[in-house]
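# Structural description and commentary
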Amino acid sequence: MAKGMRFVQTWGEVSPRLMVSKKKQQQQFSNLPKLETIAEEGCCVDSFGVRAPKRIVIFLPLVLSMILYVVLHKSIKDS
């Protein structure tokens, strides 16, 4: 049985690498239109409607979540 077996390649045929010159690539990309950035009107970093102190931003969600936890814990405990 070993005599009847022959070597089979495990990899398939591979085509050669496509040769494209840098000059041709530059010509292809130079024909593409250039994209411009769009500046939005009335948009600034400091244009928030309400400016809150840092303490409120940090502690308000913390306090609200603690109150909600206590209320839910009591309602579940009473059930």
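I will try to describe carefully the structure that is included in this document. (Residues numbered from 1 in each chain as written. Predicted model: local features only at pLDDT ≥ 70, side-chain atom pairs only at ≥ 80, totals over all residues. Heavy atoms only, no water.)

### Re the overall build of the protein
Heads up, the condition is: Numbered from the N terminus, helices here are DSSP runs of H or I no shorter than four residues, and strands are runs of E no shorter than two. The cut-offs for exposure are 20% and 50% of the maximum accessible area for each residue type, with area from a 1.4 Å probe on protein chains only; residues under the lower value are buried, those over the upper are exposed, and the others partly exposed. For the area figures, the Shrake-Rupley method with a 1.4 Å probe applies, and any residue is considered shielded solely by the protein chains shown.
Per the secondary structure count, the protein includes 2 helices and 0 strands. Counting all 79 residues of the protein, 0% fall into the buried class. Here the protein displays about 9,300 Å² of accessible surface, and carbon together with sulfur accounts for 63% of that area.

### Description of a nonpolar patch on the surface
Counted only if it meets this: A patch is a set of surface residues, each over 30% in relative accessible area and not in a salt bridge, joined within 9 Å for like charges and within 5 Å for the nonpolar side chains Val, Leu, Ile, Met, Phe, Trp and Tyr. Basic side-chain nitrogens of Lys or Arg form a salt bridge, by our definition, when they fall within 4 Å of a carboxyl oxygen of Asp or Glu.
Taken together, I56, V57, I58, F59, L60, L62, V63, L64, M66, I67 and V71 make up a surface patch of nonpolar side chains, about 1,000 Å² in accessible area. In this fold, M66 is placed in helix α2 (residues 54-78).

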